[in-house]
Every structure is written in C-alpha cells, then in structure tokens.
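# Descriptive structure summary
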Amino acid sequence: MIAEPAQSLQLSGSPDHIVDSDLKLFVLDQLESAVWIFDFEQKRILWANQAALNVYDAQSLDDLRSRDLAADMSHSVELRLKQYQQDFSQSNVRFSEIWTLYPKGKARVLQMTMSGVRLTDGRLALLCEGREHHEQQPETLRSAEALLHTTVMISLFSLDGNPLYRNTASRSACIGLEASFGDQFVNPKEAKELWDSVAEERSTRRVAQVRTNSGHRWHELTLRSCHDPVSGQPAYLVSEIDVTELHETKERAQYLASHDPLTGLSNRTFLTDKLNRMLETGEAQGRTASLYLIDLDEFKLVNDNLGHSAGDELLQLVANKLRRLVGPDDIAARLGGDEFLICHMLSPNSAESPEWLGQALQTAFSSQQIIDGKPRHVSLSIGFAHYPEDGATIGDLMRNADLALYQAKTEPNTKCVRFQEDMRRVRDEQQVITQDLKRAVREDEFVLYFQPIACTRTERIVSAEALIRWQHPTKGLMMPDEFIPVAEDTGLIKDIGNWVGREVINTHCELAELSLDLPLAMNVSPRQLSDPMFVAHMQSLVDQCQCDASSIALEITENVLLGEIPNALGSLRALKAGGYRVVIDDFGTGYSNLAYLHNYPVDGIKIDRMFMEDIGSGGEIVKLILSLAKALGASVVAEGVETVQQRNWLSAHGCHWHQGYLYSKPVPKQTFVDMLKNQPGAPAQKRHVPDWSI
C-alpha cells in the first residue's frame, strides 16, 4: 500500500491546500532538493517548497498553482504520467529518472525521484523530489529525452528475463509492470528461441506476436547483449517496433495471391503446387484421388439479367456448399468465373466410388436455392478424372476433367461425367463445329424446313412448324441436334435465332402474297428469352414486314415456366402484348403444372410424341392434358402422330390438330408451298384465316 502522509495535506474542492504545521513548511523550505506535489487529474502543482518555486521560476506558490501544465505538455510526458498513476495505484514503488523541465521556456535538468501520495480526498497525486543533475553532457540529456519521447519500445532485462527498465513506449505497451520477457509472447516457444539465440549470437531479430495492453500485436524485436549500467551485471537490451499493420498487409497480400476474394476458396495461382504436394502425399500413403471441374449452367443469364450482386451471391452459395462437402485433406478452389475445382482424396481400400463427390454435389443442388431473395434451381455440370487411372499428373487430370466437363455440358441428361478416352475426339469435333458455325452465321448457310400441322378431321394444313437445317459445304444437310447444343454453349444461338425469326416472318409474308396466309410456328431458346434485346428484335421484324404478329407462334420449352430463366416472364408478356402467340413445346416432358401455366400467357400446348403410345392403352394421360388445355383455353397440337388410329382417336377426343410423319416429314420451303397449293379442298386463291381455338 502507498503510505499516506497523514495530516500533511487537506484537499477541498478548491485548489487551496493548507499545510497544518508552519514547522513542516519551514523544514521543507530549508531543503536544497525541490519537492512538490502534482495533481494527476488537474495537471497542476498543488504544493511546492521554496526550492521547487526556484526551479519553476515562480514568484509564489499561488503563481505556481495557477499554471496549467497541460497547456504545453507533450504526448509522451502525458503518457508517462498516466503510467506513474497506474503503477502507484497498484503497488508502493518509486521511480528515479532524469527529467528536463521547461519553466518559462528555459531547460532545467533534474534527477527526479517520484512516488505516489494519497490526498485527503482519496485521490492519488505525484510526490516529486528533484535535485540538480550535474552531469549535463548534451548527449546524455538528449538520449534521456529521446528515450522518453520515442515510439520505439526500449527495455532492459536481466539474464533471468525480469525487467530492469522500460521507456515510456515500452511501459505503455507492456501487460504489467513486472511482466517478464517471456510473459509477453503469445507463443512461449518463440521467446525461448530468441533468448537462446541472443545468448549465442549476442544479437538477434524476429517478428513475433506479442501480448500488449492493446491486445495481440505483431512486433519486430531486436535483442542485443549488454550490461546493466547500475549493477554491471550482464543484461539484454530489447527494442521493439509495432509492425502489425505491415504484417497484416503482407499476410493479406499473400492470402489474396492464393485465394479468391469473393468466395474465400483457393484460386488458380497456387493451385498447381498445392495439388502436386497433395498427390505426392497421397501416393506415399497409398491413396487415390478424384479431380472434379464444376461449372454453373446458365450463370451468365443470372449475371446479365439479375445483376452482378445476384451472380456473386450465387457463387458464394456454391462455394459454401463445396466447403461443407470437402474433407480436411481435400482442396476446393474457384478457377475463375463460374468454374470451380475440387480434388477429393480417397483412403486406401475406401468404399467410396470415384464419382461419390459428384453425386453428393448434385444431391446438394437438387432442391431450389434462394438467390436474390427468390427460390431458383441451380444446375451444375461436373466433369472428373480419377488419379491415377485417368492421369498421372495434375496437368493430365485437369485436361481430362475438362474434357469430361465439356461432355457433361453438351449432354443435359448426364450432368456428372467421368473422363473417357474417346472424349478427345468428341471435343475436337465440337471445336470444329464451333468454327464452322461461326462461318455459317457469316455466310448464311442455314435453311428452313417446314413440317405441316394438319386438322385431324379435314386433313387440311392449318399451320406449320419452321425447323432449321444447316447446309454444310462438306457434310451436307445437318440436323439441329448436331449443332444447336454447340450454338447454345457458345452463345451463337442468339444470331441463329435472329436469323430464324427473320426467315419465318419473311416466309409468312411470302405466303400471304400467294393468298396462302396461315400461321407459322418457330422455336425460341431460353437464352433468346433472357436476351433483353430479343423482344425489340421480334417487334422490329413484324414492323418492317407489316406482318400480323398473331400469325406467328413462339414455341418454348417447359423449363422456361419454372422461373429458372431470368426475364422470361417479362419477355413473354411483352411478346404477347405485341401480338405473338406463345405455345409450350413437348408438353409433359418437364415439370409444368397448372399454377405455372396459369401465370404465363400460354395460347397453345403441343403434346409430346412420347404420349402417342399412351393412346393404344386408353390414352388417359392425353385425356388429362386435353382437359387441362380446355380449362386454360389453349389450343392443342399432338406431335409424333404416325398412324391413322392415333389421328382418329385424337379427333374423337377433341384434339383437332396433329403433326407427324403420318401427314408429312419436314420439307423444304418450296415443297411446303406446293403442298399448300395442291392440298385437296383448299382453293389456292382463298385466304385461310387461322383458328387457334380448340
């Protein structure tokens, strides 16, 4: 405890403090040492003897009391005084230091002894005793001043690690006055290594994490062997610089260099080294591995139509799911864009199949995910290669997994594909097709074929579906399934779709000039519907040709109705408002229900060809579809009709239109025009007004 100078001072709320005994005052005034009491809180001197008045060049005690010492007090001095106050409140200690005071701007160097004193109101004050410091060498004085004001933390420790001295900066950072050298380290092992190193090398340096009054920080410590100038015993001088910001910046730079900032997964930069080390370790342990490449289907549509924030949210969602699926020995990385990688290690004699993780990924995304506040279906394409069967190096595994991924993206029914040797040939062929498709768009190598839609009762042609063909210069006539998937994958479908729209409307106008006016249908891909320019393009076509848009039906697939295609509903409503008809193609093969159909502007339904076989066993499914269409007020076309029995059954059950090989295969445009001119019971000159009702 700090000894209280009983009855020596009385403290009221005012600055006046009356000394009880004139004798005490007389004795204190006779001392050569300057003695005064400093108020920590008010930063004023409460009392001083005559020698102290002389030091401060004060005319009287009242003169000295009136001075606000905080007015020109440096930050370092203020900090040091706060340290004294804290130390005195915890233990009965004294400090002896050389101080330079500046009364009225004149330097006075004193050898100071400072201790705590308790005032009568309970507050703690500073008792100072100062003697003239006779060794006033400039270097000595300046070094003492520098130690007080520098931000470098300077400490002196004995060989057992106990503190002998701390400057102001060191004392401010220290967790305790008596804390040893080792106490301040987060990792005690680092303290021992430094201590051992300086004992051997006499000088050492290290950046280490230390405990401070401000929490854990990173300090650069320099240790040197020396002697305690008081006792002459060996000691260690330690200087410390706070490099926390620099260290964290360096760590952040290293992290960003090897990690994707959006998802927190590893990035491509350091992936090769990590994967090589991973496989080397696995090989030594007798383990195998599967390397997966994962691509988000139609990610560009989300980015373009919902905005980059929704796209980022989707990427983060996928990354979090990958992170939860992988094991501690696995690697999950984002390669860039919407492509991810997982290297999954399998233990020796593991019961897991090589494709286990791919199946787990598909299961994880089998239900709808919340993106941009709405439930959306997220589809993944996954290609993988197994080590060592499918590749002995990371380069081989990456190339082969990429081939498998390409296969997965071009075959929508198989979304997780393992590498097979013949994939190289398929990929080469697809690349050739891509280049040829680009040329075909430039050189206008496409043609339209038309498959008639006929009435089940009269066998008259009432409409036709336009179907694209590619007149390849060397391969001949190519069917849509040979090039449309590549066009979808490369984005060329937009240009091809625009060409189809233009040709269909031109053909309708040509038929109208021949008095063969009848509605035509064309297929529209999901990617076209998500294109913000598609509606304007279709509107410009009918405006340029002065065509009746109600004579053009746009056939869409059922997945458009699930809300998976951004902007689809808005586009369809705009097209509907512009006069176009909307028909669902291949109805029954997707996931549509009455709620979806009710929400969309649907004018017609085309029953998929697979249900024609149902007619032979009663046709209950077709009857259900016909009832649904009637409830919606939608027209119905039965596709894939190949027998007279199927046509008669449809006519008897209220399905008035049919399309299929029974009537005609798709034919070139001129052949179709000839069929219209020559069909029985239909004068070529009479205009046919389309009836879209059931």
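Everything below is about the structure printed above this text.
This section reports on the structure supplied with the text. Every value quoted in this text rests on a predicted model; they were computed, and no experiment measured them.

### Focus: the nonpolar core
Counting 71 residues, the largest nonpolar core has Leu-437, Phe-446, Ile-552, Tyr-580, Leu-650 and Phe-672 as the members making the most contacts within it. For this core, the element with the highest residue contribution is helix H16 (residues 493-513), accounting for eight residues. If near-sequence neighbours (up to four positions away) are discounted, Phe-446 is found in contact with Leu-437, Ala-440, Val-441, Ile-468, Arg-469, Trp-470, Phe-483, Ile-496 and Trp-499. Core analysis: the next-biggest nonpolar cluster, separate from the first, contains 28 residues, Met-73, Phe-88, Leu-124 and Cys-128 among them.

### Some thoughts on the packing of aromatic side chains
Scanning all chains against the criterion turns up 12 aromatic pairs. Aromatic pair Phe-446 and Trp-470: ring centres 6.2 Å apart, planes at 45°, arrangement tilted. Highlighted residues: Phe-446 in strand S18 (residues 446-455) and Trp-470 in strand S19 (residues 461-472), separated in sequence by 24 residues. Judged by relative accessible area, which is 6%, Phe-446 ranks as buried. Judged by its relative accessible area of 0%, Trp-470 is buried. Through successive ring pairs, a cluster of aromatic residues spans Phe-157, Phe-181, Phe-185, Trp-195 and Tyr-236. In this structure, Lys-321 packs its charged tip against the face of Phe-365, placed 5.5 Å from the ring centre. Here the basic side chain of Lys-665 rests over the ring of Tyr-661, its NZ or CZ set 5.3 Å away from the ring centre.

### Observations concerning the sheet that holds strand S1 (residues 34-39)
As summarised here, the arrangement of the five strands in space is S2-S1-S5-S4-S3, forming an open sheet in which the pairing is antiparallel. Lying at the two open borders of the sheet, with one neighbouring strand each, are strand S2 (44-48) and strand S3 (94-101). Here the strands of the sheet are splayed against their neighbours by 35° on average, with no regard to which way each runs. For S1 and strand S5 (residues 124-132), the ladder comprises six bridges, and the chain directions are antiparallel. By the bridge assignment for S5, Val-35 is matched with Glu-129.

### Details of the sheet that holds strand S10 (residues 234-242)
Backbone hydrogen bonds are what pair the strands of a sheet, in a parallel or an antiparallel way. Reading across the sheet, the five strands line up as S7-S6-S10-S9-S8 and stay open at both edges, with antiparallel pairing between neighbours. A single partner strand is all that each edge strand has here, and the edge strands are strand S7 (163-166) and strand S8 (203-212). If you compare each strand with its neighbour and ignore which way they point, the axes differ by 30° on average. Relative to S10, strand S9 (residues 215-227) runs antiparallel, the two sharing nine bridges. When the bridges of S10 are listed, Ser-225 appears paired with Tyr-236. Against the sheet, helix H7 (residues 188-201) contacts strand S6 (153-158), S8, S9 and S10, and its axis sits at roughly 155° relative to S8.

### Notes on the packing of helix H11 (residues 308-325) against helix H12 (residues 356-364)
It is the contact of H11 with H12, at a shortest axis distance of 11 Å, that shows an interaxial angle of 135°. Here H12 runs oblique to H11, going by the angle between their axes. Considering the relative orientation of H11 and H12, their crossing is right-handed. Contacts between H11 and H12 involve Lys-321, Leu-322 and Leu-325 from the former and Leu-357, Ala-360, Leu-361 and Ala-364 from the latter.

### Brief notes about the pairing of strand S24 (residues 604-607)
Here S24 shows two buried faces, one formed by Gly-604 and Lys-606 and the other by Ile-605 and Ile-607. As judged from the four bridges shared by S24 and strand S25 (residues 635-639), these two strands associate in the parallel manner. Considered in S25, the bridge of Ile-605 is made with Val-636.

About the criteria used
- Residues numbered from 1 in each chain as written.
- Predicted model: local features only at pLDDT ≥ 70, side-chain atom pairs only at ≥ 80, totals over all residues.
- Heavy atoms only, no water.
- Core = buried A, V, L, I, M, F, W, Y, C linked by side-chain atoms within 4.5 Å.
- Buried < 20%, exposed > 50% of the residue type's maximum accessible area, 1.4 Å probe, protein only.
- Helix = DSSP H or I, 4+ residues; strand = E, 2+ residues; numbered from the N terminus.
- Contact = heavy atoms within 4.5 Å.
- Phe/Tyr/Trp six-rings, centres within 6.5 Å; stacked < 30°, edge-to-face > 60°.
- Lys NZ or Arg CZ within 6 Å of the ring centre and 35° of its normal.
- Pairing = 2+ DSSP bridges.
- Axes fitted to C-alpha atoms, helices over the stretch in contact; angles between N-to-C directions.
- Parallel < 35°, antiparallel > 145°, perpendicular 65-115°, else oblique.
- Left-handed = near helix turned anticlockwise from the far one by under 90°.

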